[in-house]
There are 2 protein chains.
Amino acid sequence: MYRLFEMPASGNCYKVRLMMSHLDIPYERYSIDIISGESRTPEFLNLNCNGKVPVLQLPDGRTLPESNAILWFLAENTAYLPQDSFERAQVLQWMFFEQYSHEPYIATSRFWRVFADPSKHESELAAAHPKGEKALRVLERHLSTRRFMVADSYTIADIALYAYTHVADEGGFNLECYPAIRRWLQEVASQPGHVTICG
Amino acid sequence: MYRLFEMPASGNCYKVRLMMSHLDIPYERYSIDIISGESRTPEFLNLNCNGKVPVLQLPDGRTLPESNAILWFLAENTAYLPQDSFERAQVLQWMFFEQYSHEPYIATSRFWRVFADPSKHESELAAAHPKGEKALRVLERHLSTRRFMVADSYTIADIALYAYTHVADEGGFNLECYPAIRRWLQEVASQPGHVTICG
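Definitions and limits used
- Residues take numbers from 1 onward in each chain, read along the sequence in its written order.
- Chain labels run from A onward and ligand labels from 1 onward, assigned in the order the entries are written.
- The predicted origin of the model limits local features to residues at a pLDDT of at least 70 and limits the giving and counting of side-chain atom pairs to 80 or more, whereas totals for whole chains, interfaces and linings rest on all residues.
- The basis for the side-chain values is all heavy atoms of the structure; hydrogens and waters are excluded.
- For helices, the axis comes from a line fit to the C-alpha atoms of the stretch in contact; other axes are also lines fit to C-alpha atoms, and the angle between any two N-to-C directions lies between 0 and 180 degrees.
- By the criteria applied, helices consist of DSSP H or I runs no shorter than four residues and strands consist of E runs no shorter than two, each listed in order from the N terminus.
- Note that the term roughly parallel is reserved for angles under 35 degrees, roughly antiparallel for angles over 145, roughly perpendicular for angles of 65 to 115, and oblique for everything else.
- By convention the crossing between two helices is left-handed if the near helix lies anticlockwise of the far one by an angle smaller than a right angle, and right-handed if it lies clockwise.
- The contact criterion used is simple: two residues touch if any of their non-hydrogen atoms lie within 4.5 Å.
- Charged means Asp, Glu, Lys or Arg here, nonpolar means Ala, Val, Leu, Ile, Met, Phe, Trp, Tyr, Cys or Pro, and polar covers whatever is left, Gly included.
- UniProt positions are given in the numbering used here, feature names are shortened, and annotations may be inferred rather than shown by experiment.
- Space inside and on the surface of the protein is sampled on a 1 Å grid over the protein atoms alone, with a cavity defined as a set of points where a 1.4 Å probe fits but cannot get out and a pocket as an open set with protein on both sides within 12 Å along at least 5 of 7 lines; lining residues have an atom within 4 Å of a point.
- Grid points are joined across faces, edges and corners, and a volume is the space filled by probe spheres set on the points.
- When the copies are superposed, the least-squares fit draws on C-alpha atoms of residues that have pLDDT of at least 70 in both.
- When two parts are brought into contact, each loses some accessible area as probed by a 1.4 Å sphere; the total of that loss over both is the buried area.
- By salt bridge we mean one thing: a side-chain nitrogen of Lys or Arg within 4 Å of a carboxyl oxygen of Asp or Glu.
- Distance and chemistry together define a polar contact, namely a pair of N or O atoms within 3.5 Å, with one atom able to donate a hydrogen and the other to accept it when in protein, and with adjacent residues in sequence counting only for side-chain atoms on both sides.
- Residues enter a patch when their relative accessible area is above 30% and they make no salt bridge; the linking distance is 9 Å between like charges and 5 Å between nonpolar side chains (Val, Leu, Ile, Met, Phe, Trp, Tyr).
- Methods summary: accessible areas were calculated by the Shrake-Rupley approach with a probe of 1.4 Å, and residue burial reflects only the protein chains presented.
- His residues and chain termini do not enter the charge count, which takes Lys and Arg as positive and Asp and Glu as negative.
- By convention, the point assigned to a charge is CZ for Arg, NZ for Lys, CD for Glu and CG for Asp.
- Each residue is placed in one exposure class: buried if its accessible area under a 1.4 Å probe, protein chains only, is under 20% of its type's maximum, exposed if it is over 50%, and partly exposed if it falls in between.

By the naming in an unreviewed UniProt entry, chain A is Glutathione S-transferase family protein, taken from Corallincola holothuriorum.

Student: It is not clear to me how the packing of helix α3 (residues 67-75) of chain A against helix α6 (residues 156-165) of chain A should be interpreted in this structure. Could you clarify?
Tutor: The axes of two packed helices give the description: the angle between them and the distance between them. All names here are of chain A. Axis separation between α3 and α6 bottoms out at 10 Å; the angle between their running directions is 150 degrees. With respect to each other, α3 and α6 are oriented roughly antiparallel. In this structure, the crossing between α3 and α6 has a hand that is right-handed. Residues N68, L71, W72 and A75 of α3 form the contact with α6, whose participating residues are I156, I159 and A160. When its residues are assigned to classes, the contact of α3 with α6 shows 6 nonpolar, 1 polar and no charged.

Student: Please clarify how the UniProt feature "domain: GST N-terminal" (unreviewed entry) in chain A should be interpreted in this entry.
Tutor: What UniProt calls "domain: GST N-terminal" (unreviewed entry) maps, in this numbering, to residues 1-82 of chain A. Spanning residues 1-82 of chain A, this segment combines 34% helix with 20% strand, and its end C-alpha atoms are found 27 Å apart.

Student: Is there a simple way to explain the environment of H22 of chain B in this structure?
Tutor: Residues and elements named next belong to chain B. Note that H22 resides in helix α1 (residues 11-23). Along the primary structure H22 and E66 are separated by 44 residues, whereas in three dimensions their C-alpha atoms are 19 Å apart. Those residues in contact with H22 that lie beyond four places of it in its chain are Y80, Y154, I159, Q191, P192, G193 and H194.

Student: Explanation requested: empty space enclosed by the protein in the structure shown.
Tutor: To find the voids left in a structure, one rolls a probe of water-molecule size over its atoms. Scanning all chains against the criterion turns up 2 cavities of 30 Å³ or more. In this structure, the largest cavity spans a volume of roughly 50 Å³. In terms of lining residues, the largest cavity is bounded by N48, C49, N50, P65 and E66 of chain A together with Q93, W94, F97 and V138 of chain B. A total of 3 residues in the lining of the largest cavity trace back to one element, the largest contributor, which is helix α4 (residues 85-115) of chain B. Across the lining of the largest cavity, the residue classes break down as 5 nonpolar, 3 polar and 1 charged. Of the voids in this model, the second largest cavity is the one considered here, and its volume is about 40 Å³. Lining the second largest cavity we find Q93, W94 and F97 of chain A together with N48, N50, P65 and E66 of chain B. Of the residues forming the lining of the second largest cavity, the biggest block, 3 residues, is contributed by helix α4 (residues 85-115) of chain A. Partitioning the lining of the second largest cavity into residue classes produces 3 nonpolar, 3 polar and 1 charged.

Student: Hey, could you run me through the relation of the copies chain A and chain B in this one?
Tutor: Both copies of the chain are placed relative to one another by a rotation about an axis and a shift along it. Once turned by 180 degrees and shifted 0.0 Å along the axis, chain A lies on chain B with an RMSD of 0.0 Å. Those values place the two copies in the arrangement expected of a two-fold rotation axis. Nearest to the rotation axis, the C-alpha of Y100 of chain A is located 3.1 Å from it, this being the minimum over chain A. A shared binding surface is used by both copies, with 100% of the interface residues of chain A retained as interface residues in chain B.

Student: Explain the interface of chain A and chain B here, please?
Tutor: Accessible area lost upon the coming together of the parts is a frequently used measure of interface size. Contacts between the two partners involve 35 residues from chain A, matched on the other side by 35 residues from chain B. Around 3,400 Å² of area is buried between chain A and chain B when both sides are counted, 64% of it from carbon and sulfur atoms. The largest share of the area that chain A buries against chain B comes from F86, F96 and Y100 of chain A, three residues that together contribute 23% of it. Summed over the shared surface of chain A and chain B, the number is 2 salt bridges. Ionic pairing is found between R88 of chain A and E76 of chain B, a salt bridge with its closest N-O pair at 3.4 Å. For the pair chain A and chain B, the interface holds 12 residue pairs in polar contact (both at pLDDT 80 or more). Those elements that provide at least two residues to the side of chain A that touches chain B are α2 (42-47), β4 (63-65), α3, α4 and α5 (122-143) of chain A. When residues of the side of chain A that touches chain B are assigned to their parent elements, the largest contribution, 16 residues, is made by α4 of chain A. For the side of chain A that touches chain B, a count of residues per class yields 18 nonpolar, 9 polar and 8 charged.

Student: I keep staring at a positive patch on the surface and nothing clicks. Help me out?
Tutor: Side chains of R40 and K52 of chain A together with K131, K134 and R137 of chain B sit close together on the surface and give a patch of like positive charge. Structurally, K52 of chain A can be placed in the loop between α2 and β3 (55-57).

Student: Can you help me understand the UniProt feature "domain: GST C-terminal" (unreviewed entry) in chain A in this one?
Tutor: The positions that UniProt labels "domain: GST C-terminal" (unreviewed entry) are, in the present scheme, residues 84-199 of chain A. Across residues 84-199 of chain A, helical content stands at 64% and strand content at 0%; the span's end C-alpha atoms are separated by 33 Å.

Student: In this structure, what is going on with the environment of F96 of chain B? I would like to understand it.
Tutor: Within the fold, F96 of chain B resides in helix α4. Overall, the relative accessible area of 0% leaves F96 of chain B in the buried class. Between the C-alpha atoms of F96 of chain B and C13 of chain B, which are 83 residues apart in sequence, the distance is 17 Å. When residues no more than four places from it in sequence are discounted, the contact partners of F96 of chain B are E66, N68, A69, M95, F96 and Q99 of chain A together with S101 of chain B.

Listed below in structure tokens is the structure:
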């Protein structure tokens, strides 16, 4: 059976649970408390030498870190990844956008506000906010003429970007100004097999 | 013909030139001065609404941003991307590591020191340095038992990580402490079709 090593409240870990639910793959969950250091023990570093969750362990024992690489691995040869090579590259384009231009500001602001002491991160929150708003403007522009991120169908690019966008308010981002994003969030949440981040 | 919109000194843009050289694909180069704002004009935002280089334009006019998505697009069905699905996911694992845990510290430090006024970025350089060293330790540990990043063969994971690692000294990182990385840099530079970042 698959095993998922995760911090349940992490959007990066939620991506994997959402994909597993869509594909109806059974798995066991192992909670890793990153705040108390459980992701930096020698045992955990043997699973992922970069010391981050999520890590997916395959039934044969091999392990795969990095949320978006896990999504790709699970989605190959399913409806969640297009067959066309340019569309596949566009899926990756948006997953790299998510990890470089979106997550470091939107997810990190949520972490500082919800899981840390925000008064100790005021300058970082102030610096991250305009960069997170820029990422949301890029998404809004893209989604204003499209139903989904790529290829007019629900793909792992949507899953990757949904994970932290739908809880952006917890990081201090107001989605009222982004109608296309709000419409898209509803589309994603209505897909068969959808589970919430609390699920 | 392919067109590459790039800042020539950028490691992210160099990745694409290195891949094109390995595959012997002709292309035209268009220099975009990101410092003077050429990546934020309406014309450029039509190529990439995220306002970043590189962007690859295909002969049919379609455009693809994000260096590692471009590498994947060019490498599919070539020797630079494994056929095995787990190895392909591992290639992505290391390309996401590069964009999330390596480039934001090692490339950004180089940018502040070489292309900006480092005296204006002292606190950012100090904050980035230990995180860049951590990324180098992860690479050193991984490469100490392997010839290349994935599958014992030269792949786009090596290209993605070589781009900024081989100029890490320009960002203030001393590679003398990382013998496995230095051995691997030589392996990469000896591959057929290799070109330098100045090429």
